[in-house]
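Coordinates in review
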Amino acid sequence: MTAEDTPEPAPEQAPDAPTTGPTTGPTTGPTTEPTTGPTTGPTTEQTTGPAAPDPEQPDPEQPVPRRRFLEMAAVCAGACAGVGALGAAAAAVIGTPLRAGPAGDLWVDVGPLARLPEGQPLKVALEGERRDAWQRLPRRTLGNAVAIRRGGEVLAWSATCPHNGCDVVVGERDLLCPCHVSRFAAADGAVLLGPSPRGLDRLDTRVEDGRVLVRFQRFALGTAERRTL
Amino acid sequence: MRRWLAALEDRTGAASLARRLLARPVPDGPRWRHALPAALVAAVLVQAITGVAMTFYYAPGATIAWESVLHLEERVVLGGLVRGLHAFGAGAVVVLLAAHLVSAGLSRAYRRPREAAWISGLLLVPLALGFGLTGYLLPWDQKGYWATQVAVGIARATPLVGDVAGQVMQGGGDLGTLTLTRFYAVHTLVLPLGLLVLGAVHVALVRRAAAARLAEGAVAAPWWPGQAWRDGLVFAAVALVVVVLAAARGAGLEAPADPASDYSPRPEWYFAPLRQLLTVVPGPWGSLVLPGGVLLLLLALPWLDHPDRPRPRLARAIVLGPPLAALALGVQAAVVDAGDREHQAARTRAEAEAALARRLARDGVPPGGAAELLWAHPPLRGRRLFQTRCQGCHPLDGVGGEEAADLGPFLTDAWLEGVIRDPRDPRFFGRTELDTMPALEREDWPKLPALVAFLRAQDPALAPKLDPALVAAGEEAYFALECHTCHAITDADEGGALGGGAPSLQGYGTPEWLTAFLRDPGHERFYGDSNLMPAYGGELDDDELAALVVFLRGRDPARAAATPDR
């Protein structure tokens, strides 16, 4: 069956023919010469150009026969294209959620003005509908704010520490981030101490019909300049 | 370049390894059938890649699995294609595995020294079916849920170990989140590890046997290029079919699993023969003994057709019998299903429900999952309420109690015409004690379309689509026939229970009219003292009444279309 002694035809002409070369044993050759270049005739492939179909052995003067080189180049190019396409597809699939920004930016009612103590910072929860992937979660805590009433007005800061995003704690004298001990002034949110690159982020507020509304927003972390997300 | 390659070779041996692999001797030389295992490996690789990609989005759990799969399908770039490739790729793996098995069997690849390679290959078949069985449940949609319910039931029917096996599969007494988490673990960790080990053992044994045969002087040819391009071509052909199917049809996602539904389940197509076998040979004989016996026969093949005592005919029967039987059973299953009206109707219902679920879930899903959206969806909720509160007296298209009017085609043209023409017909009030309304004289029958149009015009949602001339003619007929003396239609009429003892038809069929009627049909606006129907004002809350009204109005397609269901 495979022992036919016909020389190998060019594959593009008669691909069905067995490819055994008559002269080379299948297991000999490739492993015995580790110093030769990787593309030199490891198999029975010949340098059969249309004009010179005859030679049985690779020409020692021409270490990489042209046809063999083209063949390997085509295989490598195909493999690269395949891997590239796979990589691009994988990046598209895995990277889909990156296009969606973080949720945020809505006005939240935090209760009656009268309930906020005058001049005393107080942490208030900002509640609203949260979106998480396919889920719609009604009435979740979106984040916390630190609010201070000054007469008929309310000042509010995001309770998220601009350093790494921990929630600051309202202390006796100032506001303290428990993660890396940044301290912020209760009066204006400025950094007093610690690694935070900027003061607490101000949130817009307004008072309507005696109720306090705070605009929930999120800010980029770790930067000296303030940037909303 | 050359130097760089030489250095790489020196440090890693990569080049010589590549050359060794390319020159790998293939016993018997290049053959098309030798391409089957290569294509099989490639197809498994596709399953691995698409499977890993899906784990980036999939979430096991009864309230999140279906939702995460929908998210993958509708929100993730190429998500639907990846899922389709995985689903149809599974079929390709099964087909290639079966083809490889048959081709190996026919070329007697089970004979010495290849017995161990044959057996290790056979054990891959239950492994592949295990992948299919566990993967089918993961989307937690109706078809996966019910197919698994049936599979667990079959496992349960196994003597002795059945109950334990069912419990282990389900992770308890019921199908639920714990079933999903363990099917997920088995599908993504246990079975892949098993495949890796068993596959490696199989390849090693095949290689070992090949080396032995080569040592005995068997003819061979290097893998590259003769076998290489055959491998590539066979895989490309399979991949083409899979890609086209995945792109054109997708994996499909039915409505979320509903443990209380009249779903008509079918397993994935490659399980269809096993299912059909169960209808021919019921019980453990069909589920366990016959398939197990076939596997045992195949495992015993090296000894049944031993070189010392060759039995070529028996061997061929054992190799070709099961796939031919599976093919016949599969065709039979398809033919039976195609002719099964009930099943086809259930399919249509399932498709409509799937489309509804996907539509409702598109705007985000509550914490309870999409099943919560479907549960609260007014037409469906209304139907459930009707079944428990109304159908005991009011039949629906002939099904149900027989004490009151059939509300199947309620408020449709035909229903309204019928009730005016002959209220004493058993479909309407014939079975009740209400008998004061006379049938319409035959000579007045031509007025029916106009009367119906006039009644429909009581519902403002329908008014724009009605012919004003016809409505006007109906109004004239309504008063000419003195309907208004019993059934008030304007504020001036003395109808209603106050006047004539019959319900006022002012605003008939509107949500307001129906809600008020359901709350208290004995109100003087409606039947008054002649009322026979219970009041539901105390029993049902506003949401439930609204759902029931949506369901009742939904009997008439025109009204269902005129009012959005949300």
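Predicted model only: the values in this text are computed from it and were never measured. (Residues numbered from 1 in each chain as written. Chains lettered and ligands numbered in written order. Predicted model: local features only at pLDDT ≥ 70, side-chain atom pairs only at ≥ 80, totals over all residues. Heavy atoms only, no water.)

In terms of domains, chain B is made up of domain 1 (29-351) and domain 2 (394-562). A C-alpha centroid distance of 57 Å is found between domain 1 of chain B and domain 2 of chain B. (Domains from an automatic or database assignment.)

With that settled, the discussion passes to the side chain of B:Thr134. All names here are of chain B. Its place among the elements puts Thr134 in helix α7 (residues 124-137). A polar contact is formed between the side chain of Thr134 and the backbone oxygen of Gly130, at a distance of 2.8 Å. With residues near it in sequence (within four places) discarded, Thr134 still touches Phe183, Val186, His187 and Leu191. (Helix = DSSP H or I, 4+ residues; strand = E, 2+ residues; numbered from the N terminus. Polar contact = N/O pair within 3.5 Å; in protein donor to acceptor, adjacent residues only side chain to side chain. Contact = heavy atoms within 4.5 Å.)

This part is about the pattern of salt bridges. By the definition in use, this model includes 35 salt bridges over all chains. Among the salt bridges present, the one from B:Asp363 reaches A:Arg131, with a minimum N-O distance of 3.7 Å. Pair noted here: B:Asp363 is in the loop between α15 (341-361) and α16 (370-376) and A:Arg131 is in strand β2 (residues 122-132), and the two residues belong to different chains. On the accessibility criterion, B:Asp363 (45% relative accessible area) is partly exposed. We classify A:Arg131 as partly exposed; its relative accessible area is 39%. Residues B:Asp305 and B:Arg108 are paired through a salt bridge, measuring 3.6 Å at the closest nitrogen-oxygen approach. Linking B:Asp305 in the loop between α13 (284-304) and α14 (312-338) with B:Arg108 in the loop between α5 (79-106) and α6 (115-122), this pair joins segments that are 197 residues apart in sequence. Judged by relative accessible area, B:Asp305 falls into the buried class, the value being 0%. (Salt bridge = Lys/Arg side-chain N within 4 Å of Asp/Glu carboxyl O. Buried < 20%, exposed > 50% of the residue type's maximum accessible area, 1.4 Å probe, protein only.)

Residue and element names in this part refer to chain B. A contiguous nonpolar patch, built from Leu193, Leu196, Val197 and Val201 and spanning about 390 Å² of accessible area, is present on the exposed surface. Considering the arrangement of structural elements, one finds Leu196 in helix α10 (residues 177-215). Relative accessible area serves as the criterion here: at 62%, Leu196 is assigned to the exposed category. (Patch = residues over 30% accessible without salt bridge, like charges linked within 9 Å, V, L, I, M, F, W, Y side chains within 5 Å. Areas by Shrake-Rupley, 256 points an atom, 1.4 Å probe, with all protein chains shown as cover.)

So, about the packing of helix α22 (residues 511-519) of chain B against helix α23 (residues 542-553) of chain B. Residue and element names in this part refer to chain B. Following both chains from N to C, one finds α22 and α23 inclined at 120°, their axes separated by 10 Å at the closest point. If you check the angle between α22 and α23, you find them oblique. Our pair here, α22 against α23, has a crossing hand that is right-handed. Residues Pro511, Leu514, Thr515, Leu518 and Arg519 of α22 form the contact with α23, whose participating residues are Asp542, Leu545, Leu548, Val549, Leu552 and Arg553. Among the residues forming the contact of α22 with α23, the class breakdown is seven nonpolar, one polar and three charged. (Axes fitted to C-alpha atoms, helices over the stretch in contact; angles between N-to-C directions. Parallel < 35°, antiparallel > 145°, perpendicular 65-115°, else oblique. Left-handed = near helix turned anticlockwise from the far one by under 90°. Nonpolar A, V, L, I, M, F, W, Y, C, P; charged D, E, K, R; others polar.)

Looking now at the sheet that holds strand β8 (residues 191-193) of chain A. Residues and elements named next belong to chain A. Strand order across the open sheet formed by four strands is β5-β6-β7-β8, with antiparallel pairing between neighbours. Every interior strand has two partners, whereas the edge strands, β5 (169-170) and β8, have only one. Note: strand β6 (residues 174-176) against strand β7 (residues 183-185), three bridges, orientation antiparallel. Residue pairing in the sheet places Asp174 in a bridge with Ala185 of β7. (Pairing = 2+ DSSP bridges.)

Moving on to the confidence of the model for chain A. Close reading of the predicted structure is inappropriate where its pLDDT is low. Here chain A shows a mean pLDDT of 77. Residues at 70 or above account for 70%. Taken together, the stretch residues 1-60 of chain A has pLDDT below 50 and engages in 78 contacts with residues farther than four places along the chain or on a different chain. (pLDDT = per-residue confidence, 0-100.)

This part covers the sheet that holds strand β10 (residues 205-208) of chain A. Residue and element names in this part refer to chain A. The antiparallel open sheet is built from three strands, whose spatial order is β1-β11-β10. Sheet topology places β1 (106-112) and β10 at the edges, where each strand pairs with a single neighbour. Strand-to-strand, the axes of this sheet are offset by a mean angle of 30°, without reference to chain direction.

In this section: the state of the cysteines. Evaluated as defined, the whole model comprises one disulfide over all chains. Between the sulfur atoms of A:Cys166 and its disulfide mate A:Cys179 the distance is 1.8 Å. Negative torsions about the S-S bond denote left-handed disulfides, and the value of about -95° found for A:Cys166 with A:Cys179 makes this one left-handed. In this pair, A:Cys166 sits in the loop between β4 (153-158) and β5 while A:Cys179 sits in the loop between β6 and β7, placing the two residues 13 residues apart along the sequence. Note on A:Cys179: relative accessible area 37%, which makes it partly exposed. Of all cysteine sulfurs, the one in B:Cys393 lies closest to B:Cys390, which takes part in no disulfide; the gap is 8.8 Å. Looking at B:Cys390, the relative accessible area reads 10%, which means it is buried. (Disulfide = S-S within 2.5 Å.)

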